[in-house]
Amino acid sequence: MELRQLQYLVAVVEEGGFTRAAERLHLAQPGISAQIRRLERELGQRLLDRTGRTVTPTEAGEAVLPYARAALAAVEGVRQTAQAHAGLLTGQVAVGMVAGVAGGPVPAGTPDLAALLADFHTEHPGVEISLRESTSERMLTAVRRGELDLALVGLETAGAPPGLALHLVVDLPLVAAIAPGHPLAADPGPLPVAALAGHPLIGLPPGTGLRGALEQACAEAGVRPRVAFEASTPALLARLAARGLGVAVLPRPAPDGAPGLRLRRLTGPEPRGRVALVWPAAGPARPAARALLARLRAAFDAAGPLTPSDA
């Protein structure tokens, strides 16, 4: 087994085909195909399904991929560690961020991730930083698989997800944002989650931390949420609620741009909107990723998690 064979396998899976993998690696397609077939013969297992329009890993290929990625990361870590000891920090860092950070901008008072990444890149121009946006669920899976070094995600609960460590950045109660004239807007006090039953809701898409927190709270209250409208940011949720299309579930404080909304804190149980920085429990494998993680944690430590007292 050769390291280049593992590199080719990972590239083909990530690109979904041999042609794009060859373009990415600047190699001839037949050579890549031949090396992967040699790897399959050596392992005695077919690793790739070539029958469809897109090349996908077989069950055995899915099982092998995490180890292939770990081997490649370990070799890269050796190289970067040697360079770091020479006083030169280089390499790559893959960062994930849930789309809009849990469906919307990080509230005021927390460090700006884009600014932190820019400052780190200025100090370490030899480090290549990639940033990916997706849902929290996909980001957590990507960190576990080693596809990402760290990620800023929304969480349903305060505890660390299996196999990961975390640094809590935001921890806010969720509120119901209601347009004046709505039956639930009359009482300014806390709103039991069970009272949402039967009312059209406006929420973030499935896979986001806030949507998961809402669904979990509704399950505990014994009600089934009826999400009539979905949007990608709390600001858009608030605007839809202000037009009377339903009750928006948002982290407190509500975003600007929708004046007049009645905000009622949800209780029984109390769902919360949480944003956390996560990374592998054993720590990132690459020195550059460890350096960036230390920088981000220091910035978040200095600011402290955004809590209701800050809102």
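In the block above lies the structure referred to throughout.
Here the structure is a predicted model, which is why all the values come from computation and not from measurement.

**Student:** Tell me what's going on with the pairing of strand S8 (residues 200–203), and back it up with residues and numbers.
**Tutor:** For S8 and strand S9 (residues 226–230), the ladder comprises 4 bridges, and the chain directions are parallel. From the neighbouring strand, Leu201 faces S9, where its bridge partner is Val227. In terms of handedness, the path from S8 via helix H8 (residues 209–221) over to S9 forms a crossover that is right-handed. Summarising the sheet, S8 and strand S10 (residues 247–251) pair through 2 bridges and their orientation is parallel. Of the residues in S10, the one forming a bridge with Ile202 is Ala248.

**Student:** If you had to explain helix H2 (residues 18–25) to someone new, which residues and values would you point to?
**Tutor:** The set of residues buried in H2 consists of Phe18, Ala21, Ala22 and Leu25. Seen end-on, H2 carries its buried residues on one side only, within an arc spanning 100 degrees.

**Student:** Explain empty space enclosed by the protein to me, and be specific about the residues and the numbers.
**Tutor:** Using the criterion set out here, one finds 1 cavity of 30 Å³ or more in the structure. The calculated volume of the largest cavity comes to roughly 30 Å³. Along the walls of the largest cavity sit Gly203, Leu204, Leu210, Arg211, Leu214 and Val249, which together make up its complete lining. A per-element tally of the lining of the largest cavity places H8 first, with 3 residues. Considered class by class, the residues forming the lining of the largest cavity number 4 nonpolar, 1 polar and 1 charged.

**Student:** Could you give me a rundown of the pairing of strand S6 (residues 164–178), with the residues and numbers involved?
**Tutor:** Two faces, one strand: in a regular strand the side chains alternate between the faces of the sheet. Across the 15 residues that make up S6, a large majority, 13, are buried. Sheet analysis places S6 next to strand S12 (residues 272–280), joined by 9 bridges and oriented antiparallel. The residue bridging Val170 from the neighbouring strand is Val275, located in S12. Here S6 pairs with S10 via 4 bridges, running antiparallel. Along S10, the bridge assignment pairs Ala176 with Val249. Sheet topology note: the S6/strand S11 (residues 262–267) ladder contains 4 bridges and is antiparallel.

**Student:** Quick rundown of the layout of surface pockets? Include the residues and the values.
**Tutor:** There is about 1,200 Å³ of room inside the largest pocket. For the largest pocket, the lining is made up of 42 residues, of which Glu14, Arg69, Gly146, Glu147 and Arg286 are closest to its centre. Counting residues per element, the ones that place at least two in the lining of the largest pocket are helix H1 (3–15), H2, helix H4 (59–85), strand S3 (91–98), strand S4 (127–134) and helix H7 (136–145). With 10 residues, the single largest contributor to the lining of the largest pocket is H4. When its residues are assigned to classes, the lining of the largest pocket shows 22 nonpolar, 6 polar and 14 charged.

**Student:** Go over the pattern of salt bridges, please, and point to the residues and values.
**Tutor:** As enumerated under the stated definition, the model contains 17 salt bridges in all. Arg286 is paired through a salt bridge with Asp149; the nearest N and O atoms lie 2.6 Å apart. Residue Arg286 is located in the loop between S12 and helix H10 (287–303), and its partner Asp149 is located in the loop between H7 and strand S5 (150–155); the two are separated by 137 residues in the primary sequence. Asp149 carries the same exposure label as Arg286, and that label is buried. With its nearest N and O atoms 2.7 Å apart, the salt bridge here joins Arg272 to Asp171. Of the two residues, Arg272 is situated in strand S12 and Asp171 in strand S6; the sequence distance between them amounts to 101 residues.

Reading guide: rules and limits
- Residues numbered from 1 in each chain as written.
- Predicted model: local features only at pLDDT ≥ 70, side-chain atom pairs only at ≥ 80, totals over all residues.
- Heavy atoms only, no water.
- Pairing = 2+ DSSP bridges.
- Helix = DSSP H or I, 4+ residues; strand = E, 2+ residues; numbered from the N terminus.
- Right-handed = clockwise from strand over helix to strand, strands pointing away.
- Buried < 20%, exposed > 50% of the residue type's maximum accessible area, 1.4 Å probe, protein only.
- Arc of directions from axis to C-beta.
- 1 Å grid on protein atoms, 1.4 Å probe; cavity = no way out; pocket = protein on both sides within 12 Å on 5 of 7 lines; lining within 4 Å.
- Points joined across faces, edges and corners; volume = space filled by probe spheres on them.
- Nonpolar A, V, L, I, M, F, W, Y, C, P; charged D, E, K, R; others polar.
- Salt bridge = Lys/Arg side-chain N within 4 Å of Asp/Glu carboxyl O.

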